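Now for the letters of each chain:
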Amino acid sequence: MPWIDLLDQDDLPAVGQQVTLSADVFKRWMKKCGYKEATANPNQEVFFVSTGTPFEADGKKITPNWHITAMTTLRNGGDCRNFHFKIEVAKEKSHYWHYVVYRDTANGTWHWVGDRGANANNQGGGGAAGDVLALATNLSQVESTARALLMDDKMSKKIQRKIIGVLSKMITDATVTYNAGGQRLD
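Residues numbered from 1 in each chain as written. Predicted model: local features only at pLDDT ≥ 70, side-chain atom pairs only at ≥ 80, totals over all residues. Heavy atoms only, no water.

Moving on, we come to the pairing of strand β10 (residues 110-114). Across the 5 residues that make up β10, a large majority, 4, are buried. Where strand β9 (residues 93-104) lies against β10, 5 bridges are found, and the strand directions are antiparallel. Counted as the bridge partner of Tyr99 is Gly114 from β10. Linking β9 to β10, which pair antiparallel, is a turn of 5 residues; within it Gly108 sits at a positive phi near 80°. (Buried < 20%, exposed > 50% of the residue type's maximum accessible area, 1.4 Å probe, protein only. Helix = DSSP H or I, 4+ residues; strand = E, 2+ residues; numbered from the N terminus. Pairing = 2+ DSSP bridges.)

It is worth spelling out the pattern of salt bridges at this point. Counting across every chain of the model gives 7 salt bridges. Arg28 is the salt-bridge partner of Asp24, the closest N and O atoms lying 3.1 Å from each other. Of this pair, Asp24 and Arg28 both sit in helix α1 (residues 23-32), 4 residues apart, which is roughly one turn of that helix. Given the relative accessible area of 46%, Asp24 is considered partly exposed. Residue Arg28 is classed as partly exposed on the basis of its relative accessible area of 30%. A salt bridge links Asp153 to Lys154; its shortest N-O distance comes to 3.4 Å. (Salt bridge = Lys/Arg side-chain N within 4 Å of Asp/Glu carboxyl O.)

So, to be careful, I would describe these as geometric facts and stop short of saying anything about function.
Structure (C-alpha cells):
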C-alpha cells in the first residue's frame, strides 16, 4: 500500500526543535494546501485531505476519508500539540498515525516526527489502545477496506512532504512567524 510507509517514524533531526503552531496557523496552513475544513470535536481542528465515494452500510451514509487532525490545548483553539493523519472508512474502521512537527535547526528543514505512544509507535485505531495485536489486526482490516474503496493511494510520505513544504514556504514568505523563543508559529 502506498500509505503503509506512514508507519515509518522519522527520527528526530540531529539538531532539532519541536515547534508548536497556533490553531490559527494550522487552519491557514491547511487552507493553503487546499484542504476542506471539517466539523471538529472540542480540542481538535480537522481538515479533509481526500474524500471517497459515499456508500451506505447498516442504514448509515459513510464517506471514506483521509484527514489531518490538530490536537489543541484549548476546547476551541489554543496551540496544536500534535497531529494525526487518519483514514476513516467507517467509524469502527479507522487507523491513524500521530506526529509532531520538528525544525532541523542546522539546515532549517521541517519534518513530521512520529509521536510515539504506549506501543512505542505512533499508531492508533480500532479501540486497540495498548494491544499491539489488536492494532495490527485493525490496520489489516482498514487496509483491505481502503483498497476496495480506492482510498489506499490518498496518503503517503510524499503527500506529507508536500504539506510540510507549504508550511516552509509560508515561513519563507513571512505569512507566519516565530514567537520570540522560536518554538511556536503564530
